[in-house]
Amino acid sequence: MSKLNEKLVIGALTRSPWVSHINAGSCNGCDIEIVAALSPRYDIERFGITLQGSPRHADVLLATGTVTRAMAPRLRQIYSQMADPKFVAAIGGCGIDGGVYQNCYNAIGGIDKVVPVSLYIPGCPPRPEAIAYGAYILLMALRNPAPAPEFEEEEIEEEIEQ
Amino acid sequence: MSIMGYFAAMREAFRNIVKKPDTIMFPAEHVPIPPGMRGAPVLVPENCTLCNRCIRVCPTWALSIEKIDKNSGYFTVDLGRCCYCQECEKACPFDAIHLQAEQWLTAGLSRDAIKKTDLVVKPKKEAKS
Amino acid sequence: MAYEVIKFLIFPGGLFVIYMAFSMAWLVRKVTAQMENRVGPPLHQPMFDFAKLLAKQRMYPIGAERWVMHYLPMFQAGIALLMTFFIPIWGDEGLISFDGDLYFFLFLLALHGITAFFVGWASRNPYAISGGGRALMTEVSLEIPMSISLAGMAIMTGSMKIADITANIGDAIFSNGFTPSISWLFVIPWAMMAFTMFYASIGALEFSPFSAGHAETEIVAGWNTELTGGDLAFTKFADYLNLFNLSAISVALFFGGPMVFEFGGDSGHVLTAIIATLTFIIKLVIAIFIISFVKTLSSRLRIDQITRALWNYYLPLSLFGVLFVILIQYLGGL
């Protein structure tokens, strides 16, 4: 019974992943590409993906840009406001490793230093198809589950406190 | 918005119901990529001589070489750091690294999935005759 | 007894209505997508959304009225399901039908608007409170033109019963033509009142141009900003059912609902019921097309523009409609 239940839930979740969007200090290039992926040309509503205004309604948080010191507590707050099951996608080179902003005095680094990230989409900015492809491999991974990404929380706490 | 503009929008909406949509059905068909597009950097291991010139010009430390011995090493391209500026391609005198237009399907579930490592073995110099 | 239970649970009520509501919600999204030149969501998308939301975690903000946020969405879904029982689907009579049920229907609709406001209030979020206020404001402004235009239909046909209005209008449009009791002059007020009713139902569904209560560009998601999981699922479900309800009641009261050209079958026959149901569905789909057409082509109005439009233009239009009806009946009686 519970196995069937789980199957049903995963089936429904992979057919309607709602996304919400946060700019953690990006140059707006990746945000424009997310909007382009929702536009008629690359309509990702075909996969049931819709852009939600509220992070409370979303399953996937599309986070762009390197995390600045001011934005890190807010990013964590928005992540904690999402309901389980929740996933984070880091979009763009800055979201993964800091990109051209790495080693800046005001930047902490990638998204995964603050919240656990389950999908990395590199690019500067990524093409809209790359975002759609990333969503596709995330959904495929959900249907055939794999171990969750590792995440050390303690170090970052200190880093934010500084 | 004028009344005539509103009528034009109505006509377009009615036409779109009958028409085939403009959407590219992504996994089945692709948008044509323009030839100047800067995709992911791809190494050609046969041409590489491990000369470190690309590493010196890379602004975001996306490339790295881990030498095994004098003539061979691992060349890593970290797509998470790359900013697709084409400096490495310009700096390489041996045409060993290219930003390929086709390489845009780059997404991974972990950091290691978006790193590409190639084994480079320097070709032995032929004795001058 | 068993027959009655089956009627309420499976065919004209219950499962059939819920399936229709989900399909109509899908149709609105699909038609909107087609008009915007894109493909749109796959079939049964609202069902997957509903199932996924039911499985998600429920969260409540600190200091919010938990039980209001938990039970009011279910109450909304319940009253929306109750409203569907008044709609004539397979004959000219709904499952529940009594004298004056037209106004009971409107009362239930007003209840939905008030619960929206209370959900926003209880979640203790500035966006939700402002969205709830806007939703209530829109609801109050559109209830009056809507109920006045429905009153015009009641005066025209001489009954306050949805079944009687449906039967009379269906007869006038499809079988008997214009009789002395419903003359051809009634076309003018009929068009005015149908126009008012369609726009008012778009407002009650919070589609553009009257979507200020859900404006995601200014207030995050309107009055359901803080709802998660099952609570959100039930408000969405109530919205889908209301989409069905309002388009179906417009169809029933203004276009004769399941009534069609006379084909000589007796009223209790199975074939008659099937043809009536098919007619109803076809008319419903046309109404959904009109609603999604308006939704696609119009941009969102500000809340003051909404109230000004509804009070300054739609209310006089519906009043003139009623005035025309009374005038025509008075002149016809002379």
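Conventions adopted
Residues numbered from 1 in each chain as written. Chains lettered and ligands numbered in written order. Predicted model: local features only at pLDDT ≥ 70, side-chain atom pairs only at ≥ 80, totals over all residues. Heavy atoms only, no water. Helix = DSSP H or I, 4+ residues; strand = E, 2+ residues; numbered from the N terminus. Buried < 20%, exposed > 50% of the residue type's maximum accessible area, 1.4 Å probe, protein only. Contact = heavy atoms within 4.5 Å. Rg over C-alpha atoms; globule rule 2.2 N^0.38 Å. Areas by Shrake-Rupley, 256 points an atom, 1.4 Å probe, with all protein chains shown as cover. Buried area = accessible area lost by both parts, 1.4 Å probe. Salt bridge = Lys/Arg side-chain N within 4 Å of Asp/Glu carboxyl O. Nonpolar A, V, L, I, M, F, W, Y, C, P; charged D, E, K, R; others polar. Axes fitted to C-alpha atoms, helices over the stretch in contact; angles between N-to-C directions. Parallel < 35°, antiparallel > 145°, perpendicular 65-115°, else oblique. Left-handed = near helix turned anticlockwise from the far one by under 90°. Pairing = 2+ DSSP bridges. Patch = residues over 30% accessible without salt bridge, like charges linked within 9 Å, V, L, I, M, F, W, Y side chains within 5 Å. Lys, Arg positive; Asp, Glu negative; His and termini not counted. Charge placed at Lys NZ, Arg CZ, Asp CG, Glu CD. Phe/Tyr/Trp six-rings, centres within 6.5 Å; stacked < 30°, edge-to-face > 60°. Lys NZ or Arg CZ within 6 Å of the ring centre and 35° of its normal.

In this section: the overall build of chain A. When helices and strands are counted, chain A shows six helices and six strands. Buried positions account for 56% of the 162 residues belonging to chain A. Across chain A, the fraction of contacts at a sequence separation of at least 24, relative to all contacts at a separation of at least 6, is 81%.

A few words now on the overall build of chain C. The helix and strand inventory of chain C stands at eleven helices and zero strands. For 334 residues, the compact-globule formula gives about 20 Å, and the C-alpha radius of gyration of chain C, at 20 Å, lands near that figure. Dimensions of chain C along its principal axes, counting C-alpha atoms only, are 65 × 50 × 40 Å. Out of the 334 residues in chain C, the part that is buried amounts to 59%. Excluding contacts between residues fewer than 6 apart, the proportion of contacts in chain C whose partners are at least 24 apart in sequence is 80%. A total accessible area of about 13800 Å² is found for chain C, and carbon and sulfur atoms account for 71% of it.

This part is about the interface of chain B and chain A. Contacts between the two partners involve 27 residues from chain B and, on the opposite side, 30 residues from chain A. Between chain B and chain A lies a buried interface of about 2600 Å² when both sides are counted; carbon and sulfur atoms form 63% of it. Of all residues in chain B, Phe26(B), Leu109(B) and Arg111(B) give up the largest surface area on contact with chain A, accounting jointly for 25% of the area buried on that side. For the interface between chain B and chain A, the tally reads one salt bridge. Here the side of chain B that touches chain A is composed, by residue class, of 17 nonpolar, six polar and four charged.

Turning next to the interface of chain C and chain B. The interface is formed by nine residues belonging to chain C together with 13 residues belonging to chain B. In this assembly, chain C packs against chain B so that about 1100 Å² is buried in total across both faces, 65% of it on carbon and sulfur atoms. At the junction of chain C with chain B, the criterion picks out zero salt bridges. Listing elements by their share of the side of chain C that touches chain B, those giving two or more residues are helix H2 (15-35) and helix H10 (270-297) of chain C. A per-element tally of the side of chain C that touches chain B places H10(C) first, with three residues. For the side of chain C that touches chain B, the per-class residue count stands at five nonpolar, two polar and two charged.

Attention now moves to the packing of helix H8 (residues 187-204) of chain C against H10(C). All names here are of chain C. The interhelical angle for the contact between H8 and H10, taken along N-to-C directions, is 70°, at an axis separation of 11 Å. As summarised for this structure, H8 and H10 are arranged roughly perpendicular, according to the angle between their axes. Between H8 and H10 lies a crossing whose hand is right-handed. Every residue of H10 that contacts H8 at Phe198, Tyr199 and Ile202 is listed here: Ala287, Ile290, Ile291 and Val294.

What follows covers the pairing of strand E4 (residues 87-91) of chain A. Residue and element names in this part refer to chain A. When you tally the buried positions in E4, you get five out of five residues, the bulk of the element. In terms of strand pairing, strand E2 (residues 60-64) meets E4 through five bridges, oriented parallel. In the strand pairing of E4, Ala63 is matched with Ala90. Where E4 and strand E6 (residues 119-121) come together, three bridges link them in parallel fashion. Bridge pairing in E6 places Ala90 opposite Tyr120.

So, on to the sheet that holds E6(A). Residues and elements named next belong to chain A. With respect to topology, four strands assemble into an open sheet ordered E1-E2-E4-E6, the strand pairing being parallel. Only two strands of the sheet have a single neighbouring strand rather than two, namely strand E1 (19-23) and E6. Between one strand and the next, the sheet's axes are offset by a mean angle of 20°, whatever the strand orientation. As judged from the five bridges shared by E1 and E2, these two strands associate in the parallel manner. When the sheet's bridge partners are listed, Asn23 is paired in E2 with Thr64.

Before going further, it helps to spend a moment on the pattern of salt bridges. In this structure the tally under the stated criterion is 15 salt bridges over all chains. The partner of Asp49(C) in a salt bridge is Arg29(C), and the shortest N-O contact between them spans 3.2 Å. One end of the pair, Asp49(C), is in helix H3 (residues 45-55); the other, Arg29(C), is in helix H2, and 20 residues separate them in sequence. You'll find Asp49(C) and Arg29(C) in the same group, each marked buried. Here Arg308(C) makes a salt bridge to Asp304(C), at a shortest N to O gap of 3.9 Å. Note that Arg308(C) and Asp304(C) are positioned in helix H11 (residues 303-333) at a spacing of four residues, about one turn of the helix. Here Asp304(C) falls in the partly exposed class, since its relative accessible area comes to 29%. Because the salt bridges share partners, they merge into one network encompassing Asp43(A), Glu45(A), Arg29(C), Glu36(C), Arg38(C) and Asp49(C).

All right, on to a negative patch on the surface then. All names here are of chain C. Together, Asp92, Glu93, Asp99 and Asp164 make up a negatively charged patch on the protein surface. As for its placement among the helices and strands, Glu93 is situated in the loop between helix H4 (66-84) and helix H5 (101-122). Look at Glu93 and you get partly exposed, because its relative accessible area is 42%.

It is worth spelling out the packing of aromatic side chains at this point. This model, assessed by the stated rule, comprises 18 aromatic pairs over all chains. Ring centres of Phe22(C) and Phe237(C) lie 5.7 Å apart, and the angle between their planes is 35°; on these two criteria the pair is classed as tilted. A residue pair is termed long-range when its members are at least 10 positions apart, and Phe22(C) in helix H2 and Phe237(C) in helix H9 (residues 229-255) qualify at 215 residues. When sorted by exposure, Phe22(C) lands in the same class as Phe237(C), which is buried. Here the aromatic rings of Tyr199(C) and Phe210(C) are separated by 6.4 Å at their centres, their planes lie at 75°, and the arrangement is edge-to-face. Of this pair, Tyr199(C) sits in helix H8 while Phe210(C) is found in the loop between H8 and H9, placing the two residues eleven residues apart along the sequence. Comparing Tyr199(C) with Phe210(C), the two get one shared label, buried. Members of the aromatic cluster, each reached through a chain of ring pairs, are Phe22(C), Phe50(C), Phe234(C), Phe237(C) and Tyr240(C). Above the plane of the ring of Tyr79(A) lies Lys86(A), whose end atom (NZ or CZ) is 4.4 Å from the centre. The aromatic ring of Trp18(A) is capped on one face by Lys52(C), whose charged end is 3.9 Å from the ring centroid.

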